[in-house]
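This is what each chain is made of:
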Amino acid sequence: MLQEFRIQRIREHGELAEGAAEWFHGKWAVPKEAYLESLEVCLRQGAGVPQWYLALSGPSIVGGLGVIENDFHNRRDLAPNICAVYVEPDYRRQGIAGKMLDFACRDMAAMGVETLYLVTDHTSFYERYGWEFYCMAEEEETKEQTRLYVHRMKAGLEGKHLEK
């Protein structure tokens, strides 16, 4: 069953920051404090990197992602990076991840950032949403190789279809 959701920019909804930090921390092995610090920078500066986005169904967070300079890989020249992409299991297979990715890419393009990167072990998922495999990168902590993808916005699309 397709469930209703909306995408929110954290920079416009500071009241969501604490809950977002807790939610992201619960999904990824990153301390809550690191998320809070990045979310606070996002709130203070408004535009630019970092940025954070949530998919909400009513008051519940059902998905989220961020845009940071580097997602813990050795290719610091490939920035900024989409990070922490997650959709709750009961909300998967409804296009939420794709809509969040599109929303974030368009929002960043409206701020002048037309190329984004992400690291993942997934194959064939991100390609559905316009991402292309770029190269292998080394994870900072494990030194293992991971797939690095690139997304380039097409001129003229950056402001279209952005929901609030």
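Now for a look at the structure at hand. (Residues numbered from 1 in each chain as written. Predicted model: local features only at pLDDT ≥ 70, side-chain atom pairs only at ≥ 80, totals over all residues. Heavy atoms only, no water.)

1. Digging into helix α1 (residues 17-27)
Phase 1: Among all positions of α1, only Ala-17, Ala-20, Ala-21, Trp-23 and Phe-24 are buried. For α1, the buried positions fall inside an angular range of 165° around the axis, keeping them on one side. (Buried < 20%, exposed > 50% of the residue type's maximum accessible area, 1.4 Å probe, protein only. Helix = DSSP H or I, 4+ residues; strand = E, 2+ residues; numbered from the N terminus. Arc of directions from axis to C-beta.)

2. Considerations on the environment of Ala-104
Phase 1: For Ala-104, the position within the fold is in helix α3 (residues 96-110).
Phase 2: Taking relative accessible area as the criterion, Ala-104 reaches 0% and is therefore assigned buried.
Phase 3: Separated by 40 residues in sequence, Ala-104 and Gly-64 place their C-alpha atoms 10 Å apart.

3. Observations concerning the side chain of Gln-94
Phase 1: Positionally, Gln-94 belongs in the loop between β4 (81-87) and α3.
Phase 2: Residue Gln-94 is classed as buried on the basis of its relative accessible area, which comes to 14%.

4. Topic: the pattern of salt bridges
Phase 1: According to the stated counting rule, one finds nine salt bridges in the structure shown.
Phase 2: Between Arg-9 and Asp-107 there is a salt bridge, with its nearest N and O atoms 3.1 Å apart. Taken together, the residues span a long stretch of sequence, with Arg-9 in strand β1 (residues 6-9) and Asp-107 in helix α3 at a distance of 98 residues. Assigned by exposure class, Arg-9 and Asp-107 land together as buried. (Salt bridge = Lys/Arg side-chain N within 4 Å of Asp/Glu carboxyl O.)

5. Concerning the packing of aromatic side chains
Phase 1: Overall, the coordinates contain 13 aromatic pairs when judged by the stated rule.
Phase 2: When the centroid spacing of 5.8 Å and the interplanar angle of 75° are considered together, the rings of Tyr-53 and Phe-103 count as edge-to-face. You can see Tyr-53 sitting in strand β2 (residues 51-57) and its partner Phe-103 sitting in helix α3, a full 50 residues away along the chain.
Phase 3: Classification of Tyr-53 by relative accessible area gives buried; the value is 0%.
Phase 4: Look at Phe-103 and you get buried, because its relative accessible area is 2%.
Phase 5: Here the aromatic cluster, defined as three or more aromatic residues joined through ring pairs, consists of Trp-23, Phe-24, Trp-28, Tyr-35, Trp-52 and Tyr-86.
Phase 6: When the ring centre of Tyr-86 is taken as reference, the NZ or CZ atom of Arg-92 above it lies at 5.1 Å. (Phe/Tyr/Trp six-rings, centres within 6.5 Å; stacked < 30°, edge-to-face > 60°. Lys NZ or Arg CZ within 6 Å of the ring centre and 35° of its normal.)

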